Amino acid sequence: MKTIAKIIGGIFFALFAVILFFAESDRPVEELIPLYANKDSKFMDILGMKVHYRDEGVATDSVPLILLHGMSSSLNTWDSVVIDLKPHKRVISLDLPGFALTGPSPENAYNFPYYSKFIDSFTTRLQIKRFILVGNSLGGAISWNYALHNPSRLAKMVLVDAAGYPKKGESGSLGFKLASTPVINNLLLYVTPKALVRKSLETVYYDQSRVTDAQVERFHDVAIREGNREAVLQIFKGSFKGDPNQIKSIKTPTLILWGDKDNLIGVNNVDNFLKDIKGSKAEIYKNIGHVPMEEVPGKVASSILRFLN
């Protein structure tokens, strides 16, 4: 018993030392807006938040594209795709609640019903009656759940390396593994080292040379924005509980895009979506990872435009 007590005591001492050495305070959003908002950025007061979004392209387009990023990401993930899309469409990208400059939900709700309510409120405020959702990873899961929630408002849907089905042996990222590990994941409320951010980003891309110092800095900064670490931890502790069996009931015309070297959500998921969403179409990009819109934005934009036309 004494030996076990010593081991437990040693573990707690080590955890305390890690927190003491690496701990960082949250950063106020006022410090981050000048760094990561740009001339196209807007902020909408909605559901107790100031939602960061950009509304670009063809202003007269009555059925715009709405782009949803993935876990721990931001609207910046779509920047290069937007350049190619906006001559043809109205394109709206945003920082989802719990992430980046938008920050945490005052309702402390991170689940599919909440995000569906958020999308309803956001689009209603912009006086948009029908729209097309384009979602990557978690944003993809939010998209297909919205298709179940309010299909009458959804004209079409594009799923990019979308979450939804149970994992089947994907290697995943170090950051996501730590965030999913009980007890240890609580450290991430205080400790978010840039080395961990870099390592996690490197697993997202097939071409790891795409990870730059500036990118690591941005991901780190928005990760420690006030309230974001608590939101992310809540999500990793299981706040999202989707039912993949319901995907079979989706009738929304759907395009599925995927990188064949995705280590986070394997390309085998394409067959699942194709089987369950009747009439859906798919394109797979060779030697591309979890975020095709960043690695091959021109191809992703072309795939989307072909699907819409």
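The structure this text deals with has already been given above.
Residues numbered from 1 in each chain as written. Predicted model: local features only at pLDDT ≥ 70, side-chain atom pairs only at ≥ 80, totals over all residues. Heavy atoms only, no water.

Q: Please set out the overall build of the protein chain residue by residue, giving values where relevant.
A: Looking only at helices and strands, the protein chain has twelve helices and eight strands in total. The buried share of the protein chain, reckoned over its 309 residues, is 52%. For the protein chain, the share of sequence-separated contacts (at least 6 apart) that also reach a separation of at least 24 residues comes to 74%. For the protein chain, the accessible surface area stands at approximately 14,200 Å², while carbon and sulfur atoms represent 58% of it. (Helix = DSSP H or I, 4+ residues; strand = E, 2+ residues; numbered from the N terminus. Buried < 20%, exposed > 50% of the residue type's maximum accessible area, 1.4 Å probe, protein only. Contact = heavy atoms within 4.5 Å. Areas by Shrake-Rupley, 256 points an atom, 1.4 Å probe, with all protein chains shown as cover.)

Q: Hey, could you go over the packing of aromatic side chains for me, with residue numbers and the actual values?
A: One pass over the structure, following the stated rule, counts seven aromatic pairs. For the pair Phe-131 and Tyr-146, a centre-to-centre distance of 5.6 Å together with 45 degrees between the ring planes defines the contact as tilted. In this pair, Phe-131 is assigned in strand β5 (residues 131–136) and Tyr-146 in helix α5 (residues 138–149), connecting sequence segments 15 residues apart. Across the pair, exposure class does not vary: Phe-131 and Tyr-146 are buried alike. For the ring pair Tyr-165 and Phe-273, a centre distance of 4.8 Å and an interplane angle of 70 degrees mean the geometry is edge-to-face. With Tyr-165 in the loop between β6 (154–160) and α6 (174–179) and Phe-273 in helix α10 (residues 269–276), this pair connects stretches of sequence that are 108 residues apart. On the basis of relative accessible area, Tyr-165 is assigned to the buried category, the value being 14%. One aromatic cluster is present, built from ring pairs that chain together Tyr-53, Phe-118 and Phe-122. (Phe/Tyr/Trp six-rings, centres within 6.5 Å; stacked < 30°, edge-to-face > 60°.)

Q: Let's hear about the pattern of salt bridges: which residues, and what values?
A: Tallied over the full model, the rule gives 16 salt bridges. The residue Asp-26 makes a salt bridge to Arg-229 at a minimum N-O spacing of 2.8 Å. Linking Asp-26 in the loop between α1 (2–22) and α2 (29–36) with Arg-229 in helix α9 (residues 228–239), this pair joins segments that are 203 residues apart in sequence. Through salt bridges with shared partners, a single network forms among Arg-27, Glu-31 and Asp-221. (Salt bridge = Lys/Arg side-chain N within 4 Å of Asp/Glu carboxyl O.)

Q: I'd like a description of the nonpolar core, backed by residues and values.
A: Membership of the largest hydrophobic core comes to 81 residues, with the highest contact counts inside it found for Phe-122 and Phe-273. Once you skip the residues sitting within four places of it in the chain, Phe-122 turns out to touch Met-44, Ile-46, Val-51, Tyr-53, Ile-92 and Leu-94. Counting six residues, the second-largest nonpolar core is a separate cluster that includes Val-29, Leu-32, Ala-100 and Leu-101. (Core = buried A, V, L, I, M, F, W, Y, C linked by side-chain atoms within 4.5 Å.)

Q: Quick one: what's the story with the pairing of strand β2 (residues 49–57), residue by residue and with numbers?
A: Direction of pairing for strand β1 (residues 41–46) relative to β2: antiparallel, over a ladder of six bridges. Paired with Phe-43 across the bridge in β2 is His-52. Direction of pairing for β2 relative to strand β4 (residues 90–94): antiparallel, over a ladder of five bridges. Bridge assignment links Asp-55 to a residue of β4, and that residue is Ile-92. (Pairing = 2+ DSSP bridges.)

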